[in-house]
Structures are given as structure tokens and as C-alpha cells.
Amino acid sequence: MARKVLSGIAVSVGIAIGKAFFLNRGSKASLPRMSITPGNVANEKERLLSAFDAALQELDEIRQKIPGELKEHAAIIESHLMILKDEKFKQGALKYIQEKMINAEWALEKSVADIGRAFSRIDDEYIRQRIQDVRLVADRVQDVLRGKTKGVGAISQRVILLAHDLSPADTIALQVDKIMAFATAMGGKTSHAGIMARSLQIPAVVGVENLEEDIEDGQLIILDGFHGRIIVGPTEEELAEFADLKYQFEAYQSLINKTCHLPAETIDGYQVQILANIELFEEVAAVIDHGGEGIGLYRTEYSYLNRDSLPSEEELFEEYHELAEIMYPRKVVIRTLDMGADKISNHFGSLEESNPALGLRAIRFCLKHKELFRAQLRAILRASVLGNISIMFPLISGLQELQEVKEFYSQVQEELRREKIPFNEHMPIGIMIEVPGSVLIADILAREVDFFSIGTNDLIQYSLGIDRTNKHVSYLYQPLHPAILRSIKHVVDAAHEAGIEVSLCGEVAADPFCVPILMGMQVDSLSLNPQAIPGIKRIIRQATMEECKQLLKQVIESDTVDYSNKLVREMIFNRFPEELMFYTSLIDE
Amino acid sequence: MTNKNYFSSQVKLLNELGLHARPAAKLAQEAQKFSASIKLKYGQREVDAKSILDILTLAAPGGSTLTLCAKGEDASEAIAYLSQLFAQRFGEEK
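Residues numbered from 1 in each chain as written. Chains lettered and ligands numbered in written order. Predicted model: local features only at pLDDT ≥ 70, side-chain atom pairs only at ≥ 80, totals over all residues. Heavy atoms only, no water.

**Considering the pattern of salt bridges**
Residue and element names in this part refer to chain A.
Phase 1: Taken as a whole and judged by the stated rule, the model has 35 salt bridges over all chains.
Phase 2: R117 is the salt-bridge partner of D114, the closest N and O atoms lying 2.5 Å from each other. Residue D114 and its partner R117 are located together in helix α4 (residues 104-120), separated by three residues, close to a single helical turn. (Salt bridge = Lys/Arg side-chain N within 4 Å of Asp/Glu carboxyl O. Helix = DSSP H or I, 4+ residues; strand = E, 2+ residues; numbered from the N terminus.)

Here it is, written out as C-alpha cells:
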């Protein structure tokens, strides 16, 4: 197999060398559509029929394994079996092979399209939706035709997982013991899959060009999570070279882990608190192991995903309480629900939003669905008794909105007092600053809260007007854009003017190239993914506040992002050369 | 052709939700056990009762009246058996 190098975006560092394994969810584009010769018609028909048979057998085996109490599921599978046995469906596809002289995969899709047209005329919505069952059944047959019959659960050896895209649900199902690394065709620098890869500590590359076309299942590949590339069919020399790099990286990691429990204090005595961003309760161990001094951002969305009902107050309380207990006396900042109806639409119906990023989400969504918000606030308040929890509200965009939140929060506190349920009366309240509007009125907002946390991922998106997951514009995601640096500085200064603390949570806090500048702004704490903590602490411990301030001064006055990037790279190159070798940066090379 | 190989019967659909996925699957499944060709008529439309997709596209609502027709050796047994299924709501509760 010819050697090829595919480029993408590095989102999680490290090297993996192993076999490619495609997650069974190819895009439609990868479906082979071919014309066939008259001599192949009989063959192709036979192939289609045996694929139907194989799919039928497979599904029947699944049906037999379903225990009696899950009859509900059995009924769905029964109807799928009947669709597989449906002569109309099969004959429709066979006819296309015969008459149009096309391959089985294509013929099957045409038959599905015909059925889809017939179904689209049905008035009864429930029955009309059954076309989805036809689709699922057809996918099963397609999988057999293409020789792929496996989901994440079917992985039996350690592999490099490849997929068109990975949804949050997919990443939850990933078994780390079987996956060395992963790569996707979709996604950008700060997409969800990248966050998951870093928290699982496996190398990952996203937005890989031609991923599905140029790599075959089972092929030997090298995934380079430093430079964002995949080498298909590597040479012997490359295999040796990357195995060596992998070894060096692991040695470097073990070196920085040795000093990760020391405070993040510059040579000239300026100390910054290093906190962790986590989204799964299970990550707590990683926070402590990597020297995290607390949790600066606990994302609470996971308890609401992948389930049929909303979590109860009791369930949330248990979760937050246990988290606070394990982390005690370290602090835990819990952010209230930061998602929109699109993620939990089962309960709230889908909204027609042409632009969900600017739509009914985060705090706006919670204020609209007060019962959901009340349950979460009560759970956080009840868990606050230990005294180490702070509460934080996302996406605040104005003073009145903040006052409305605080008003509701007081009501909930009052309810608890009436019910004689204890809570911390002095739990610190903070807000995320992630909308340019809030940056400009930071002085006004600062009077209302105990702390700020600057969410740079969204702030950069909103300030520069780019979608960070869109690979066509993700090059404009520039943390060192003067507008961004000025915004951050403005917020930090406003917070300090008002005597409140300011933290920074976002990808930049974990970026060794950005950290010296953030230090120069004198933020009180940085909150980052646990795995990045040792490296960031090491940089801070070797830096001086003086040089950080100096760098900030130059960069904030720079005319162009290119010039800023150059200044930062020079500093890192001169002062922390090993970071250049092992870290990826949000700053373009 | 009024011979003993052709039978038909009117049936009433008692399932509240109409001929949705489960009853349709059941009907097709049971119809396939007979060698006779079996049709299901609703209004102006006539479909193959052995095809779940055909049955679904009828989208017959609860309370509607349909006609079952069978042609073939076991046509009489087929009509008797399938009419029973309609009367028993295909084993559904409502």
C-alpha cells in the first residue's frame, strides 16, 4: 500500500502506532455507487440477496438474546425483521440491479428512496416516521454488503479509531483500554471530541482530509497528535522515528509529573492558582493526580445527556455532594446547565433556531424552564454545606439578566430556609464572561458577584464572529488577536478594580504559548484540562512575572496577529524549548 | 371466479392507533405463513398483506373498516385466521 500523509487538526498530543479501525457509521459519500456489466447482474443480485439473508440472521440472533422483560424492544426488532423479509423492498432493489445495471449498494439506496417517497405521502405522522426503521434496516444490509458489521462495542484489540464524526454519546461509549487514539473527518480545534480525547489522555486528530477515502480498515497507520497528521502505510524509518518520539514524550511526561504537585509560582514569587475543568465525575482522580488545586469549572451537562428523563434533584445533589466531599478542602466551582434545547429536546420539543449558538441556551434556557433550573439550584445549594462549592452562571449578557438570576436564586434559598434544609449562606456566586457585551460592562457586573470566570472559547467565537468547529474558518480562531487580549485584560482589570477574583477557563489556559501572556495580566487562577496541568505548572515555575508582563505589553500593542505569534514563539523558543517539541498550540504555525 | 379458492371478509380495525408498526408487523408475519396471495383493501387502495411496508403505507386509522381478500389453496383458513387477529387487536391492549 502506497504511503500517504493526511493532514488534520491536532487536538490531543501524543503518538499512536497501530491498526486503523473504522467506526461503523460512514457518511453517505463513502457508499460505492457503480455501474455493472450485463454479465455481473446475476452476481450482484445474488450478493444483495445473501446480504439480506445475513442481516436477517444477525438480527434474529439479537432478537433471541433479548430477555423477556424487554418485550418493548423485541417488538421493534420484530418489525425490523419483517421489513427485512419484505418482498417489495427486496424486489425493488433487485429490479434496479436488473434494469439500471447498478451495484447492489446503489440499488438498495434507490429502493429505500422509493419507499421514502411512498411514506412521505402518509398523513399519520407516527406511521410516516417509520421510514426511519426502513433506514436502519437498510443500513444493516449496507454494512453486510460493505463487509463491516461492528460498532464501538465490537473492538477486540487495541486500535486507532477512525470515524466520520464522534458525537458526545459516541465518546462516552469509547473504551479507553481498546482505543489508542482516534481521528475524525469532521471537527475543529476546540470541538467536543478533542476535549474528550485530552481528558481520556489519548492522542487525537480531527478534521482530517480524505480520512474515509484514503485509509482502509485494518491498515497500519501512525497518528501524530503533535502535528495533526496521519501517516498511512509508513516506512520502516518512520516507524522507528515515531516509536522513538513516543518514548521521549512519555519520558518527558513522567518528568513534568514529578513536579506537578508544587505550587504554580514564578521565580519572582507571583503565585497563580491552577484549577481543573472537568465534565465527568470520574475525572476527579485525574485532577488530583495531575496537581490540580481544585475544580475551576465543573460542567454539569453530562447528567442531562443520553437519558429519557431529566435527572432528579436528589440525583444531582448526590453527584455534587460527592464531588465536594472528594475534593474537600479544595474548591469546586459548579457551573449551572450550559446547553440548549437541541441537546435535551426529548423534554422540551425542538425549537426552530436558525442559529442555536445565539439562541435559547445556557442561562437563557434555564430562566425559561424554571423547574429544571430550580432542581439544579436546590441540588447545588444543598451540596454547599461543606463550604468548598462556588456556583457559576454561564452566558450572562447583561445586568438585568443577572439580576433576574439572582432574584430566582434568592427565592430558591428562601424555600430551603422555610424547609429547614441547610446550605452555605455565603456560597460565592460567579458568572462566566463569554459575550463581548459583558466584557464592556464588566465594571457594572463586577458589583453584583463574587468572581468572574472568563470563558475564552466562546468569547473568541463571539468576538471574532467565527464558528470554531467549522474547519473552513477555524483558522480565524485567534487567541492572540488584539481584540481578545484587550477584552481579557479589560475584564481582569475591572474585576480587580472591584476587588473580586478573576479566573480564566478555556483552551488558552492550557496552551503553553498563551499562558505567559495570561500570567502577565495577573489573573488569579487558570482552569484547564487536568492533563495539561503539569506542563503549565512547569512553565510558570520557570518564568518570571517581569518577562510575562513585558511580553504582554509587546503583544497587546502589536498590529497583527502574525507579529504577536512571532513574539510569543520566540519567547517560548528561547525560554522553554522542550515545550515546542511536545505541545500543540492554538496559535497557528 | 367464485370458486372455493377465493375468499374475502370485512374487518374492523380496533387498534386505537391504527395499523401502526406492531400490528402491521404481526399481520405481515402471520400472512406470510399462508401460501394464498392475500390483499388488504382500504378505501380505493389495495396492498399486499404480506408486506409490512405496503400495510404501513395504507395508514389505516383506528376504527376503520378494511377488506381482506385471499386467493389460493388455503385462502379460507387465511381469512378466518387473519380476521381473528383483527378482532383480537393483534394482541395489543388498545
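Next comes the rest of the account.
**Quick look at the interface of chain A and chain B**
Phase 1: Contact with chain A, which involves 19 residues of that partner, is made by 17 residues of chain B.
Phase 2: With both sides pooled, the region where chain A packs onto chain B buries about 1,500 Å², and carbon together with sulfur makes up 70% of that total.
Phase 3: Looking only at chain A, the three residues that lose the most surface to chain B are M82, K88 and I127 of chain A, adding up to 34% of its buried area.
Phase 4: Our count for the contact surface shared by chain A and chain B stands at one salt bridge.
Phase 5: Seen at the junction of chain A and chain B, the total is four residue pairs in polar contact (both at pLDDT 80 or more).
Phase 6: Among the secondary structure elements, those contributing two or more residues to the side of chain A that touches chain B are α2 (71-85), α3 (87-100), α4 and α5 (125-128) of chain A.
Phase 7: Looking at which element gives the most residues to the side of chain A that touches chain B, the answer is α2 of chain A, with seven residues. (Contact = heavy atoms within 4.5 Å. Buried area = accessible area lost by both parts, 1.4 Å probe. Polar contact = N/O pair within 3.5 Å; in protein donor to acceptor, adjacent residues only side chain to side chain.)

**Comments concerning the sheet that holds strand β3 (residues 45-48) of chain B**
Residue and element names in this part refer to chain B.
Phase 1: Taken together, four strands build an open sheet; the order of strands is β1-β4-β2-β3 and the sheet is antiparallel. Across the chains shown, the open sheet's two edge strands, defined by having one partner strand only, are β1 (6-12) and β3. Looking at each pair of strands side by side, their axes are set apart by 25° on average, direction ignored.
Phase 2: Helix-sheet contacts for helix α3 (residues 75-87) involve β1, β2 (37-42) and β4 (65-71), and the interaxial angle to β4 is about 155°. (Pairing = 2+ DSSP bridges. Axes fitted to C-alpha atoms, helices over the stretch in contact; angles between N-to-C directions.)

**Considerations on the side chain of E415 of chain A**
All names here are of chain A.
Phase 1: With respect to the helices and strands, E415 occurs in helix α16 (residues 399-418).
Phase 2: Here the side chain of E415 touches R378 through a polar contact of 3.4 Å, side chain to side chain.
Phase 3: Setting aside residues no more than four positions away along its own chain, E415 makes contact with R374 and R378.

**Things to note about the confidence of the model for chain A**
Phase 1: On average, residues of chain A score 87 in pLDDT, and 90% of them are at 70 or above.
Phase 2: Counting contacts from residues 25-29 of chain A, a segment whose pLDDT is below 50, to residues more than four positions away or on other chains yields eight contacts. (pLDDT = per-residue confidence, 0-100.)

**Observations concerning the packing of aromatic side chains**
All names here are of chain A.
Phase 1: Scanning all chains against the criterion turns up eight aromatic pairs over all chains.
Phase 2: With 5.7 Å between their ring centres and 15° between their planes, F373 and F408 make a pair best called stacked. Here the residue F373 occupies a position in helix α15 (residues 370-383), and F408 occupies one in helix α16, the gap between them amounting to 35 residues.
Phase 3: The class of F373 is buried, set by a relative accessible area of 0%. (Phe/Tyr/Trp six-rings, centres within 6.5 Å; stacked < 30°, edge-to-face > 60°. Buried < 20%, exposed > 50% of the residue type's maximum accessible area, 1.4 Å probe, protein only.)

**Thoughts on helix α1 (residues 21-31) of chain B**
Phase 1: Most of α1 of chain B is tucked away: eight of the 11 residues are buried.
Phase 2: Those residues of α1 of chain B not exposed but buried are A21, P23, A24, A25, L27, A28, E30 and A31 of chain B.

**Some points on the confidence of the model for chain B**
Phase 1: Mean pLDDT for chain B: 91, with 96% of residues reaching 70 or above.
Phase 2: Under the prediction, the complex receives an ipTM of 0.87, its pTM being 0.62.

**Considering the sheet that holds strand β3 (residues 15-22) of chain A**
Residues and elements named next belong to chain A.
Phase 1: Taken together, eight strands build an open sheet; the order of strands is β1-β8-β7-β3-β4-β5-β6-β2 and the sheet is mixed. Since the sheet does not close on itself, it has two edges, and those belong to β1 (4-7) and β2 (9-12), each with one partner. Neighbouring strand axes in the sheet, compared pairwise and without regard to direction, differ in orientation by 30° on average.
Phase 2: Two elements, strand β5 (residues 179-184) and strand β6 (residues 204-206), share two bridges in a ladder whose sense is parallel. Bridge pairing in β6 links A183 to V205.

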